[in-house]
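The primary structure of each chain is shown beneath.
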Amino acid sequence: MNEAAITLDGWYVLHDFRTMDWASWKLISKEERQEAVEEFMAFLDKLQQADENKTGSHAFYTVVGQKADFMLMTLRPTMDELQQLEAEFNKLTIADYTIPAYSYVSVVELSNYLAGESNEDPYQNPYVRGRLYPELPRSQYVCFYPMDKKREGDDNWYMLDMDRRKELMRSHGMIGRGYAGKVKQIISGSVGFDDYEWGVTLFSDDVLQFKKLVYEMRFDEVSARYGVFGSFFVGTLLEGDKKVEFFNV
Ligand code: VOV
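Keep in mind that this is a model prediction, so the values were computed, not measured. (Residues numbered from 1 in each chain as written. Predicted model: local features only at pLDDT ≥ 70, side-chain atom pairs only at ≥ 80, totals over all residues. Heavy atoms only, no water.)

**Regarding the side chain of N156**
Reasoning step 1: Within the fold, N156 resides in strand β7 (residues 155-156).
Reasoning step 2: Side-chain polar atoms of N156 contact the backbone nitrogen of Y158, separated by 2.9 Å.
Reasoning step 3: In contact with N156, other than residues within four places in its own chain, are K150, R151 and Y226. (Helix = DSSP H or I, 4+ residues; strand = E, 2+ residues; numbered from the N terminus. Polar contact = N/O pair within 3.5 Å; in protein donor to acceptor, adjacent residues only side chain to side chain. Contact = heavy atoms within 4.5 Å.)

The structure is reproduced here in structure tokens:
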């Protein structure tokens, strides 16, 4: 049997994509809308509190295009907490005016492909902890897509031996490194949790860097031969006054 990579697993992640039912939203009174927005803002403040206490993290972005209107991404130490947050959101008045568009369930993951030999407990390493329990940045743009590694005929990632996969991942990492400081990536594993094997979430202040990075990776063997991709979502940060303005009609 082939050797599975050993993963380090961090916070659980829910990407929740919603479309606004603007027609229904316009039918209620201005006061009712204001109350619903205030209630939602209080919910977002509570999420922000968790970010500050480092007991979780979240990101709130619009989505450009017809796939959804906004994305709420939440990270928590347990799947149970994610479920509770999702239920809490669904019970808010604003949720009555949203239509579920897409969701993705995963857990932040680091593999051992490029890890050196060490006797220390990686879960105690501050760098590793920063990656597994990330404080999501407030970058201007987000990009999310799910992906698989192919299992077809001769192109089967899961039939490659460990050394070959290490070699390929090294090349992948080298391309990624060229985007240091420009794009922050969060890779979350979703085998057994959702329809694809990983969720890829990218953050940047320059939206064009998503296109450049994803395009450059397409030529790298890991993506060129083995990458299978789901839908792409791209959006802009909702922060400060923009959060409330978004719901103005
Ligand atoms: C911003 C750039 C960037 C950088 C620096 C980077 C580096 C690295 C390293 C060093 C490693 C391996 C160790 C680990 O950390 O797990 C990975 C791992 C992974 N990556 Fe990556 N990746 C990036 C970016 C990046 C992108 C844009 C994509 C999407 C691919 C594309 O074609 O659209 C991606 C995918 C992945 C996946 C699915 C995995 C897990 C694969 C597995 O089989 O386990 N990744 N990645």
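**Topic: the pairing of strand β4 (residues 98-111)**
Reasoning step 1: Here 12 bridges tie strand β1 (residues 7-20) to β4, and the two strands are oriented antiparallel to one another. Note on β4: the bridge partner recorded for H15 is Y104.
Reasoning step 2: Summarising the sheet, β4 and strand β8 (residues 184-189) pair through two bridges and their orientation is antiparallel. In the strand pairing of β8, V107 is matched with G189. (Pairing = 2+ DSSP bridges.)

**Thoughts on the coordination of the iron atom of the ligand**
Reasoning step 1: One donor from the polypeptide reaches the iron atom of the ligand: H172 (NE2), at 2.0 Å.
Reasoning step 2: Relative to the helices and strands, H172 is located in helix α5 (residues 162-177). (Donors = N, O, S within 2.8 Å, 3.2 Å for Na, K, Ca; no water.)

**Digging into helix α3 (residues 79-91)**
Reasoning step 1: End to end, α3 covers 19 Å across 13 residues, agreeing with the expected 18 Å (1.5 Å per residue, within 8%).
Reasoning step 2: Within α3, the full set of buried residues consists of L82, L85 and F89. On an axial view of α3, the arc spanned by its buried residues comes to 65°, and they lie on one face. Residues of α3 that are exposed and point over 90 degrees away from its buried face: D80 and K91.
Reasoning step 3: Structurally, α3 contributes buried residues whose contacts are with β1, α2 (30-53), β3 (70-76) and β4. (Expected span 1.5 Å × (residues − 1). Buried < 20%, exposed > 50% of the residue type's maximum accessible area, 1.4 Å probe, protein only. Arc of directions from axis to C-beta.)

**What to know about the site of the ligand**
Reasoning step 1: Neighbouring the ligand are 25 residues; S111, Y145, K149, H172 and S223 lie closest to it.
Reasoning step 2: Interatomic distance of 2.9 Å between a side-chain N/O atom of K149 and an oxygen atom of the ligand.
Reasoning step 3: Contact between the ligand and H172: a nitrogen atom at 2.9 Å from a side-chain N or O atom of the residue.
Reasoning step 4: Per-element tally for the shell around the ligand: the top contributor is α5, with five residues.
Reasoning step 5: The class makeup of the residues in the shell around the ligand is 15 nonpolar, six polar and four charged. (Near = heavy atom within 4 Å. Nonpolar A, V, L, I, M, F, W, Y, C, P; charged D, E, K, R; others polar.)

**A word on the packing of aromatic side chains**
Reasoning step 1: Enumeration over the complete set of coordinates arrives at 30 aromatic pairs.
Reasoning step 2: On the basis of an interplanar angle of 50° and a centroid distance of 6.2 Å, the ring pair of Y12 and F193 is categorised as tilted. Residue Y12 is located in strand β1, and its partner F193 is located in the loop between β8 and β9 (198-204); the two are separated by 181 residues in the primary sequence.
Reasoning step 3: Relative to F233, the ring of Y102 has its centre 5.2 Å away and its plane inclined at 25°; by these criteria the two rings are stacked. Taken as a pair, Y102 in strand β4 and F233 in strand β11 (residues 233-236) lie far apart in primary sequence, 131 residues in all.
Reasoning step 4: A network of ring pairs unites the aromatic residues W22, W25, F40, F43, F60, F70, F89, Y97, F246 and F247 as a single cluster.
Reasoning step 5: Here the guanidinium or amino end of K149 rests over the ring plane of W198, the centre of that ring lying 4.9 Å away.
Reasoning step 6: The ring of F229 carries the charged tip of R218 above its face, separated from the ring centre by 4.0 Å. (Phe/Tyr/Trp six-rings, centres within 6.5 Å; stacked < 30°, edge-to-face > 60°. Lys NZ or Arg CZ within 6 Å of the ring centre and 35° of its normal.)

**Structural notes on the UniProt feature "active site" (unreviewed entry) in the chain**
Reasoning step 1: Residues annotated by UniProt as "active site" (unreviewed entry) correspond here to Y145.
Reasoning step 2: By the secondary structure assignment, Y145 is in strand β5 (residues 141-149).
Reasoning step 3: Leave out the neighbours within four places in its chain, and Y145 touches W198, G199, V200, L202, V214, F229, S231 and F232. (UniProt positions renumbered as here; feature names shortened; annotations may be inferred.)

**Quick word on the nonpolar core**
Reasoning step 1: In terms of nonpolar packing, the biggest core is built from 22 residues, with W25, F40, F43, F60, F89, I94 and F247 touching the most fellow members.
Reasoning step 2: Top contributing element to this core by residue count: α2, with seven residues.
Reasoning step 3: Sequence-distant contacts of F40, that is, excluding residues within four places in its chain, are made with F60, F89, L92, I94 and F247.
Reasoning step 4: Grouped together as the second largest cluster of nonpolar side chains are 19 residues, F17, L75, V108 and F203 included. (Core = buried A, V, L, I, M, F, W, Y, C linked by side-chain atoms within 4.5 Å.)

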